[in-house]
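Spelled out from the first residue to the last, the chains are:
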Amino acid sequence: MLVPPIIPAVMGRMRPVEREYVGAAWPAGPLPSWDDSSSEQVMRRNWPLVEARIAGKKDLTVLPYRSDERDLTAHNMLMTFLYVMARASHGKDQLSVLDWGGMLGHYALVARRMLPEVTFDYLVKEQPTNCRLGRELNPTVAFVDSDDECFTRRYDVVFASGAVHYVQDWRAMVARLAGSAESWLIINALPVVYSVPGFVVVQRLWSAGYQGEFYSNIVNHDDVLAEVARHGFVLERELMSWGPVHYRGAPEHPVGAGYLFRRR
């Protein structure tokens, strides 16, 4: 109470912004990843609320990294996922799913809760910290922390939500995801731009409780479609998770797009 109001305001201005343009390419050298202690703390704190919301009958508006308020983006992401699962399971009573970058496996709980007539063979590929936490908090779901392990087979559906853009070589990752998709590939919650080439940004998500800096691709819309088409898929439907997000200095502010592809 004794600190003059101007001091916190000045310190806030001196702190780097949470979302900022980096350039056309990733910085050189080792970079931080999502596999850190602050990520674990945030999701451990939020998990009871997420699990309770999925098990109940209220709207699906929470995610493991944010559950303190009803979130329309979460609703868009989860209902998009359910649309795809319903479409892919038509005429089937079993469905195999690879959820690449699936955090604590909350999508698996949503699928089983909302589509109880389908048996899901569900695998989450995640960072080691998230795998350990997921096995502890969500033991009905299988987790692996190795790409080599998850890409040894094919799945009816390969699903990557809010994940591919954190891989420096996103094109190589799309190739691996497509190679494991028997019928359906969904890339969702991908930050895209439409009128400029792709670029790189940095996220400092301190307001959500994370302590690190996370680098991310912002991908050009046409580049996504062309890259996936190279691997034998056709676009079935474009989707949307969130509207434009401001990154300081960016030539265009990305939206959170999604794409459902079907193998030819």
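The coordinates are above.
The notes below deal with the structure included here. (Residues numbered from 1 in each chain as written. Predicted model: local features only at pLDDT ≥ 70, side-chain atom pairs only at ≥ 80, totals over all residues. Heavy atoms only, no water.)

Attention now moves to helix H2 (residues 37-55). With 19 residues, H2 should cover 27 Å at 1.5 Å per step; its first-to-last C-alpha distance of 27 Å lies within 8% of that length. Helix geometry: H2 is bent most strongly at tryptophan 47, by close to 45 degrees, with proline proline 48 lying one to four residues after it. Among all positions in H2, only Ser38, Ser39, Glu40, Val42, Met43, Asn46, Trp47, Val50, Arg53 and Ile54 are buried. For H2, the secondary structure elements touched by its buried residues are helix H4 (106-114) and helix H5 (128-137). (Helix = DSSP H or I, 4+ residues; strand = E, 2+ residues; numbered from the N terminus. Expected span 1.5 Å × (residues − 1). Bend = angle between axes of the 7 residues up to and from the residue. Buried < 20%, exposed > 50% of the residue type's maximum accessible area, 1.4 Å probe, protein only. Contact = heavy atoms within 4.5 Å.)

Turning our attention to the environment of glycine 56. Mapped onto the fold, glycine 56 is located in the loop between H2 and helix H3 (72-88). Put simply, glycine 56 and arginine 113 are 57 residues apart on the chain and 9.1 Å apart in space, counted from C-alpha to C-alpha.

For the structure shown, the criterion picks out six aromatic pairs. Ring geometry for tyrosine 21 against phenylalanine 199: centres 5.4 Å apart, planes inclined by 65 degrees, an arrangement best described as edge-to-face. Placement of the pair is tyrosine 21 in strand S1 (residues 19-23) and phenylalanine 199 in strand S7 (residues 199-203), with a sequence separation of 178 residues. For tyrosine 21, a relative accessible area of 30% puts it in the partly exposed group. With centroids separated by 4.9 Å and ring planes inclined at 45 degrees, the aromatic side chains of phenylalanine 81 and phenylalanine 159 adopt a geometry described as tilted. Remark: phenylalanine 159 occurs in strand S5 (residues 155-161) and phenylalanine 81 occurs in helix H3; sequence separation between them is 78 residues. A relative accessible area of 0% places phenylalanine 81 in the buried class. Three or more aromatic residues link up through ring pairs in this structure, and these residues are Phe81, Tyr107 and Phe159. (Phe/Tyr/Trp six-rings, centres within 6.5 Å; stacked < 30°, edge-to-face > 60°.)

Here the focus is the pairing of strand S10 (residues 255-263). With seven of nine residues buried, S10 lies mostly within the body of the structure. Here strand S9 (residues 233-242) runs beside S10; their pairing, made up of eight bridges, is antiparallel. Looking at S10, one finds that methionine 240 is bridged to alanine 257. (Pairing = 2+ DSSP bridges.)

So, on to unusual backbone geometry. Even without glycine at this site, methionine 103 takes up a positive phi of about 55 degrees. Mapped onto the secondary structure, methionine 103 falls in the loop between strand S2 (94-100) and H4. Notably, alanine 189 is not glycine yet its phi reads approximately 50 degrees, a positive angle. Looking at where alanine 189 falls in the secondary structure, it is placed in strand S6 (residues 181-193). Overall, alanine 189 belongs to the buried group, its relative accessible area being 0%.

As a further point, take the pattern of salt bridges. Using the criterion set out here, one finds 18 salt bridges in the structure. In this structure, arginine 44 and glutamate 40 form a salt bridge, with 3.3 Å as the shortest nitrogen-oxygen distance. Here glutamate 40 and arginine 44 lie together in helix H2, a separation of four residues that amounts to about one turn. Assessed through its relative accessible area of 33%, arginine 44 is described here as partly exposed. Its salt-bridge partner being arginine 262, residue glutamate 236 comes within 2.9 Å of it at the nearest N-O pair. On the criterion of sequence distance, the pair formed by glutamate 236 in strand S9 and arginine 262 in strand S10 is long-range, its members being 26 residues apart. Taking relative accessible area as the criterion, glutamate 236 reaches 23% and is therefore assigned partly exposed. Judged by relative accessible area, arginine 262 falls into the partly exposed class, the value being 34%. (Salt bridge = Lys/Arg side-chain N within 4 Å of Asp/Glu carboxyl O.)

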